[in-house]
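These are the residues of each chain, in order.
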Amino acid sequence: MQHSNRSSQSHLLAMAAVVVALPSLVLAFGSPVASQVTATYATTTSSSTTNMGSMVVRPTPVASKAAVAKATDTAALHAVPQQQPQQHAQRKLEAFPVLKQASGALMFGGVLVMIAAFFRNKFTKQPFKFVEFEGTTVQAGNNLAMFSTTGVKTALVVTNKGGGHGEIGFHLALALRAKGLAVQLVNDNGGKDVTSKLPFSEYAQLTAAGVEVFFTDLSQPRAIDSVSGLTRQYDHVFDNENVCQGAVAELAASCGAFYTYVSSGGMYLPGEMFPMPEYNPTKGADKNKQKAHEEFVMSNAIRPRLSGCAFFRPQYIVGPYTNKRDYLDWFFDRLTRDIPLPLPAPGTQTTTVTDARDVASMLASVVGKERMIADRNPVFNCASDQSLSLTDIVMICGEACGKTPEECRKLIKLYDPAAAKDAPSGGKFPFRATNFDVGVEKAKAVLGWEAQYNDFKYVASGYFRGYQALGLDKENPKMDTSFDKHVLGFNGTASPGSSTKTANSQEALQAANEALETALGKAEVILTWVLGPDAMKDLDREKAQEALKIIDDLVYSRKRAATVAADPVQAQALVEKAEKKSQLVKDVLFAMLMKHNAEFAVGGSGVPAKQPSAALAAPATFSPFF
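Residues numbered from 1 in each chain as written. Predicted model: local features only at pLDDT ≥ 70, side-chain atom pairs only at ≥ 80, totals over all residues. Heavy atoms only, no water.

Concerning a positive patch on the surface
The following threshold applies: Two joining distances apply to patches: 9 Å for like charges and 5 Å for nonpolar side chains (Val, Leu, Ile, Met, Phe, Trp, Tyr), and every residue must have over 30% relative accessible area and no salt bridge. Using a 1.4 Å probe, the Shrake-Rupley method yields the accessible areas, and only the shown protein chains count as cover for residues. For this analysis, a salt bridge means a side-chain nitrogen from Lys or Arg found within 4 Å of a carboxyl oxygen belonging to Asp or Glu. When charges are counted, Lys and Arg contribute as positive and Asp and Glu as negative, whereas His and the chain ends are disregarded. Where a charge lies is defined by one atom per residue type: Lys uses NZ, Arg uses CZ, Asp uses CG and Glu uses CD. Put simply, DSSP marks the helices as runs of H or I at least four residues long and the strands as runs of E at least two long, and each gets a number from the N terminus on. Under the scheme applied here, a residue whose accessible area is under 20% of the maximum for its type counts as buried, over 50% as exposed, and between as partly exposed, the area being computed with a 1.4 Å probe on protein chains only.
Side chains of K161, K192, K197 and K478 sit close together on the surface and give a patch of like positive charge. Within the secondary structure layout, K161 lies in the loop between β5 (154–159) and α5 (168–178). For K161, a relative accessible area of 43% puts it in the partly exposed group.

Printed below as a string of C-alpha cells:
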C-alpha cells in the first residue's frame with residue numbers, strides 16, 4: 001500500500017509538472033527553435049558514411065523525402081503517403097510582453113516540479129507494472145518511449161542474409177525513411193560478399209534515401225558491438241534475423257528503445273479456427289527458436305528496460321527483390337512447361353501469401369503506436385488480409401502466365417498428403433498440406449494498418465514479369481521434379497503418356513473403385529440428409545466437398561456450444577456424433593481422390609482409362625470448395 005501511495009504521489013507530481021509547463025512548452029517549441037533543430041539534423045545526415053564491408057559508400061547529402069520516394073518507385077513500391085513537414089509558425093512573443101514574462105515563470109515552476117518528481121521516483125522503490133504475455137506474468141518497465149534530442153526519431157534495422165525474410169530489411173528501411181526516421185541498417189553477410197544478390201544488389205537505393213548501411217558477419221562473437229559507426233542510441237530497434245537476436249535485444253534494452261522482432265508464423269499448430277488468431281496454440285519454446293526468443297524478450301532480464309516491444313509472425317512472403325523464390329516459382333515452373341501440378345488433397349486448404357511491402361508497412365506501423373502496444377500482448381500476425389486456397393493460387397498464377405482456367409484445371413493433380421511423408425525434398429510442394437492462414441484484425445485495430453498489396457492477381461502478375469525477366473520461364477537450374485515423381489508416379493518432365501504400362505496401375509484402379517463404393521455406402525445417409533434425396537444420383541467431388549463444409553460448420557458450432565452447456569457430457573456426445581459424420585464424408589472424398597489418381601496413372605501408362613461415371617466426375621467448373 002505504501003508503494004502504491006508513493007507511486008500515486010509521483011504521478012501527481014508529474015501531472016502537475018506537465019500542466020504547469022505546458023503553456024511555456026507550446027510557446028517555446030512553436031518558435032523558430034524547432035526549425036533550427038531540423039536544420040541541425042540535415043547537416044548531421046549529410047556527413048554520414050555507409051560501411052559495406054570493405055567498401056565505404058557516402059550516401060547522397062541531405063537525403064530528402066524526394067529521394068525516399070524515388071527509391072520507393074524504383075523498387076516498384078506504391079509510396080506510402082508521406083507526411084508533410086510541419087510548418088512552424090514564427091511566434092512574435094515580443095508583441096505579448098506580459099505573456100512572455102508569464103511563460104518564463106511558468107516554465108521555471110514546471111522545471112522545479114519535474115525535478116521533484118524525478119528524485120521521488122529515483123529514490124523511492126516502486127513496483128513494476130505487470131503485463132501478461134500468453135499466460136506468463138512479467139515485470140514491464142515504466143520508462144516512457146525515448147525521443148531523440150534532435151527532434152528526429154532514430155531506428156536501427158538488423159536484417160539477415162537471405163531466406164524467407166531476406167527482403168524485409170530493404171523494404172522496412174524505406175518505409176521508416178518515408179515516416180521521417182533516421183535509419184541505420186546492419187546486414188548479415190555470413191562473412192561473404194552478398195552484394196551481387198537480390199535484394200542487396202539494390203542497396204544503392206537505400207543509401208540514396210539516406211539509410212546508413214553496414215555489412216558484417218553476425219555469427220561472429222560480439223558482432224553488433226564491433227560495427228563501427230552505429231550511434232547505439234535509438235528510439236526503435238527492428239530485429240529481422242535469428243543469428244544474434246539476443247545481442248540485438250540487449251542493445252535495444254541498453255538504450256531504452258522500442259524493440260520489434262520479426263518472429264515466424266511457422267510456430268502455429270493448426271487447429272480448427274481459420275484464419276488462425278494470435279492466441280492460436282504454438283510449438284513450445286524448446287521446439288521453436290523464435291518462440292524461445294519472444295519469451296526471452298518478455299522476461300525480467302530484458303522487458304523492464306525496453307520502452308516497449310512487439311513480435312510479428314509472418315508467413316509466406318513474396319514481392320519485389322524476393323530472396324526466396326520457392327513459393328511461386330514452383331507454380332510457374334510447372335505452368336509454363338505444361339507439367340502437372342501435384343496439390344495435396346483436397347486442394348481447398350487455405351493460406352496467406354503476402355507482399356513484402358505489406359510486411360514492411362505493418363512493421364513500420366509501430367512507430368507512433370508505441371503506447372497502444374506497450375500494455376497489451378505484443379504478438380501480431382503479419383500477413384495479407386486475404387486468404388487463398390491452394391487451387392486459387394494455381395488458377396491465378398496460371399492466369400498471370402496466359403493459361404486459361406480449363407488448361408489450369410487439367411494440370412492440377414491431387415495426391416494423398418500421407419504419401420508425401422517419405423517423398424524426396426527436391427521440388428517439394430512449397431506450402432502446408434493443411435489450412436494455414438492467419439488473421440490480421442489485431443494489427444488493423446491496434447496499429448491502424450491496412451494492406452496495400454492484397455490483390456493476389458496484381459502480386460502474381462508482377463512476380464511473373466520478374467520471373468520472365470530472369471529467363472526462368474526458359475530455363476530454371478533450380479527446378480526439381482523429384483517430389484512430383486514420388487507422389488504422382490510419372491517422370492515429371494512432361495505431361496504423362498509415355499511411361500511404361502504396368503499391371504499395378506490397373507490393380508490400383510480396381511481397388512480404388514471398390515473403396516469408393518464402400519465409402520459411398522457408409523456415407524449415403526448423411527449425404528442424403530445434407531444434400532437432399534437426390535444426392536447420390538449426381539454426386540461429384542464438388543457436392544461432396546460442399547457437404548463436408550456444412551458438417552464441419554456443425555462440428556464447430558457444437559464445440560462452441562459445449563463450452564457453456566449445462567450438460568457437458570451430452571454436449572460432448574453431440575460433438576463426437578458430428579465428427580463421425582464428418583469423417584464419413586472425408587472418406588468419400590479420399591476415395592474419390594484415389595480413383596482420380598488411379599485413372600491418371602492408368603492414362604499415364606499408355607492404357608486408355610475408363611471414363612468416370614457422371615456421379616464421380618470432377619466439377620465442370622472451378623469451385624471454391626474443390
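Here we look at helix α9 (residues 326–335)
Where we set the bar: Contacts were defined at the residue level, with two residues in contact if any of their heavy atoms lie within 4.5 Å.
Buried residues dominate α9, accounting for nine of its 10 residues. Each element contacted by the buried residues of α9 is listed here: β11 (316–318), β12 (341–344), α12 (390–400), α13 (405–411), α15 (456–469) and α16 (482–488).

A closer look at unusual backbone geometry
Along the chain, L198 connects to P199 via a cis peptide bond; the corresponding omega equals 0°. The residue P199 is located in the loop between β6 (182–188) and α6 (204–208) in this model. A cis amide bond links F274 to the next residue, P275, at an omega of -5°. Along the polypeptide, P275 turns up in the loop between β9 (258–262) and α8 (289–297). Here Y321, not a glycine, exhibits a phi torsion of approximately 60°, which is positive. By the secondary structure assignment, Y321 is in the loop between β11 and α9. Even without a glycine there, the phi angle at D338 is positive, about 55°.

A few points about the nonpolar core
Note the following rule: Here, nonpolar core means buried Ala, Val, Leu, Ile, Met, Phe, Trp, Tyr and Cys residues that are tied together by side-chain atoms lying within 4.5 Å of each other.
Counting 118 residues, the largest nonpolar core has L176, Y259, F331 and F456 as its most contacted members. The greatest single-element share of this core, amounting to seven residues, is contributed by α5. Counting 17 residues, the second-largest nonpolar core is a separate cluster that includes A519, L539, A544 and V585.

Focus: the side chain of N476
So the rule is basically this: Polar contacts here mean pairs of N or O atoms no more than 3.5 Å apart (in protein, one a potential hydrogen donor and the other a potential acceptor; neighbouring residues in sequence count only if both atoms are side-chain atoms).
Secondary-structure assignment places N476 in the loop between α15 and α16. A polar contact of 3.1 Å, which involves the side chain of N476, links it to the side chain of D333. What N476 contacts, discounting residues up to four positions off in sequence, is D329, D333 and R337.

Comments concerning the pairing of β6
What counts, and what does not: Note on pairing: DSSP must find at least two bridges between two strands before they are called paired.
Among the seven residues of β6, seven are classified as buried, and the element is accordingly described as predominantly covered. Burial along β6 is two-sided: the residues A182, Q184, V186 and D188 and V183, L185 and N187 are all buried. Of the strand pairs in this sheet, β6 and strand β7 (residues 212–216) are connected by five bridges, and their pairing is parallel. By the bridge assignment, Q184 is partnered in β7 with E212.

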